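Architecture and fold: a report
Here is what each chain is made of, one letter per residue.
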Amino acid sequence: VSVLYWKKMQTLDLHSRKNEKFQPTPEELEAIKKKMDDPEFMKLWAEYAQELQDPKYREEEEAYLRQIEKEAQEGGDYTFEFIFPEPVFAVELKSEGRKRTFLNLCRSEKVEQFSESKATNSNDASWHVPVVVGKSREEHFDNSDVEVFDCVFHPKTVELATLSDRFLCFLVEIAVENVNGGDNRSFGF
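For the rest of this paragraph, the subject is unusual backbone geometry. Even without glycine at this site, Asp142 takes up a positive phi of about 55°. Note on placement: Asp142 falls in the loop between β8 (137-141) and β9 (144-153). Judged by its relative accessible area of 52%, Asp142 is exposed. One non-glycine residue, Asn143, lies in the positive phi region at around 65°. By the secondary structure assignment, Asn143 is in the loop between β8 and β9.

Now the structure itself:
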């Protein structure tokens, strides 16, 4: 599971960014190309990627990030938090012509709990279900490279999903919508 950097005080409207694509400048592309052609850089990059697979290294990295967060907050900076999601289950998405893609549904106390509000004159209800979605990453699974998205909900939200198949499908649907909207994708499940 990756560490998610979550900026507070900023609303992420994934639907308004649907058609927005990252466009690197020619200078950025040239700098990346130079680094990729540098054997020393690629060696260091491979070592770093290998270290990230080591659970001991991950624990050290998380401890370091928690310390940074604590020091920032002690200094009065409350504009960001690191989320260390706890994985619960994964769902494979339908993706035509692409590599296998998974949603890694996780939980964290740092994500707001769901809320339900009932309409005054009917049996209808509306739900507010916050989710934090990380950027895609590659992992090796089942003898192939796969794409993974961490989708983090509050623990009480995940708990309700374990009690109701319908609510579980609802959470997966929310996660898929956020991945599709944020990355301009068209996954299904």
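Read on, since the account is not over.
A few words on the state of the cysteines. By the definition in use, this model includes zero disulfides. Between Cys151, a free cysteine, and Cys106, which holds the nearest cysteine sulfur, the sulfur-to-sulfur gap is 7.6 Å. Overall, Cys151 belongs to the buried group, its relative accessible area being 0%.

This paragraph deals with the pattern of salt bridges. Pairing between side chains of opposite charge can happen when their charged atoms approach one another. Throughout the structure, instances matching the rule amount to 10 salt bridges. Here Glu69 and Lys110 are joined by a salt bridge, their closest N and O atoms 3.1 Å apart. Pair noted here: Glu69 is in helix α3 (residues 55-74) and Lys110 is in the loop between β4 (101-107) and β5 (115-118), with a separation of 41 residues, a long-range link. Judged by relative accessible area, which is 9%, Glu69 ranks as buried.

What counts, and where the lines are drawn
Residues numbered from 1 in each chain as written. Predicted model: local features only at pLDDT ≥ 70, side-chain atom pairs only at ≥ 80, totals over all residues. Heavy atoms only, no water. Helix = DSSP H or I, 4+ residues; strand = E, 2+ residues; numbered from the N terminus. Buried < 20%, exposed > 50% of the residue type's maximum accessible area, 1.4 Å probe, protein only. Disulfide = S-S within 2.5 Å. Salt bridge = Lys/Arg side-chain N within 4 Å of Asp/Glu carboxyl O.

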